[in-house]
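What the coordinates show
Residues per chain, in single letters:
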Amino acid sequence: MYARLSLLALALALPVSAPALAKEKFKPAPTDEIACEGAFAIDSSEQRLIEIYGADNVWTGTVPGPEGIEMLATRVFDGDPDKQIEFVWWDEDKREGPSYIELNPSMTGPGGVRVGQSMDEVEAINGEPFTLSGFGWDYGGSTSPQSGALSDFPGDCILSLRFSPQDYPADVDTDSVMGDREVSSDNPILDAMDVRVDIVSIGYPHPDFR
């Protein structure tokens, strides 16, 4: 049985032989970028996460998804908002093959993207503008840059970002950036709304499309 979502996912292999050491080495410094290997590689699995982080730190169960659906996911450090990493599998029976992996807020994604960065900062990292979905619905503010520095990484993972406005100024007409539509990252309305990165994920295409 396959996971029903194909958003995105990622990260850093921790070369640790014992679960206890994995706890200590889990949290990378802000300057350390997650790589699409090890725990976050295309061939990762629940078993690999247990080997890296320890069985006590790995939980698998049903979690809420977008549009009111439920899905199977594996979480490392479940329930800790600062450390939790969520893995959704293409093969739910074997619990392997990441569809997408949602990083925790302390992690730096491929290319140097982090939660809290402004649209201008992410644009500068990418080296060019990109498009994202309009705000105000389940997939609002989502993007996977199709060109630029954030579109191609070793390990073939796909970077996925979710942006959220920090403000809705009363004197700014935001209708043109709301709803199910494409919005350019260089739209000045986004600067007025102080749009920033809210979620960083990496993922991989379904095996049938690789």
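Here goes a summary of the coordinates provided.

What counts, and at which threshold
- Residues numbered from 1 in each chain as written.
- Predicted model: local features only at pLDDT ≥ 70, side-chain atom pairs only at ≥ 80, totals over all residues.
- Heavy atoms only, no water.
- Core = buried A, V, L, I, M, F, W, Y, C linked by side-chain atoms within 4.5 Å.
- Buried < 20%, exposed > 50% of the residue type's maximum accessible area, 1.4 Å probe, protein only.
- Helix = DSSP H or I, 4+ residues; strand = E, 2+ residues; numbered from the N terminus.
- Pairing = 2+ DSSP bridges.
- Salt bridge = Lys/Arg side-chain N within 4 Å of Asp/Glu carboxyl O.

**Some points on the nonpolar core**
Counting 38 residues, the largest nonpolar core has F40, Y53 and F163 as its most contacted members. When contributions to this core are tallied by element, the ones reaching two or more residues are α2 (46–53), β3 (85–91), α3 (119–126), β7 (158–165), α4 (188–192) and β9 (195–203). The leading source of residues in this core is β9, at 4 residues. In this structure, V63, A73, V88 and Y100 belong to the second largest nonpolar core, which totals 5 residues.

**Here's the deal with the environment of D167**
Summarising the element assignment, D167 is placed in the loop between β7 and β8 (182–184). The exposure class assigned to D167 is partly exposed, which follows from its relative accessible area of 38%.

**What about the environment of Y139?**
Among the structural elements, Y139 can be located in the loop between β5 (131–133) and β6 (142–143). Judged by its relative accessible area of 22%, Y139 is partly exposed. Along the backbone, Y139 and G179 are 40 residues apart, and their C-alpha atoms lie at a distance of 9.1 Å.

**Structural notes on the pairing of strand β1 (residues 58–64)**
As paired elements, β1 and strand β2 (residues 70–76) share 7 bridges and run antiparallel to each other. Note on β2: the bridge partner recorded for T62 is L72. What sits between the antiparallel neighbours β1 and β2 is a turn of 5 residues, in which E67 has the positive phi angle 60°.

**Notes on the pattern of salt bridges**
The tally for this structure, following the rule as stated, stands at 5 salt bridges. With a shortest N-O distance of 2.9 Å, R48 and D43 are connected by a salt bridge. Judged by its relative accessible area of 23%, R48 falls in the partly exposed class. Of the charged contacts in the structure, one is a salt bridge between D194 and R196, with a shortest N-O distance of 3.0 Å. Three or more residues are tied together by salt bridges with common partners; here these are R75, D78 and E86.

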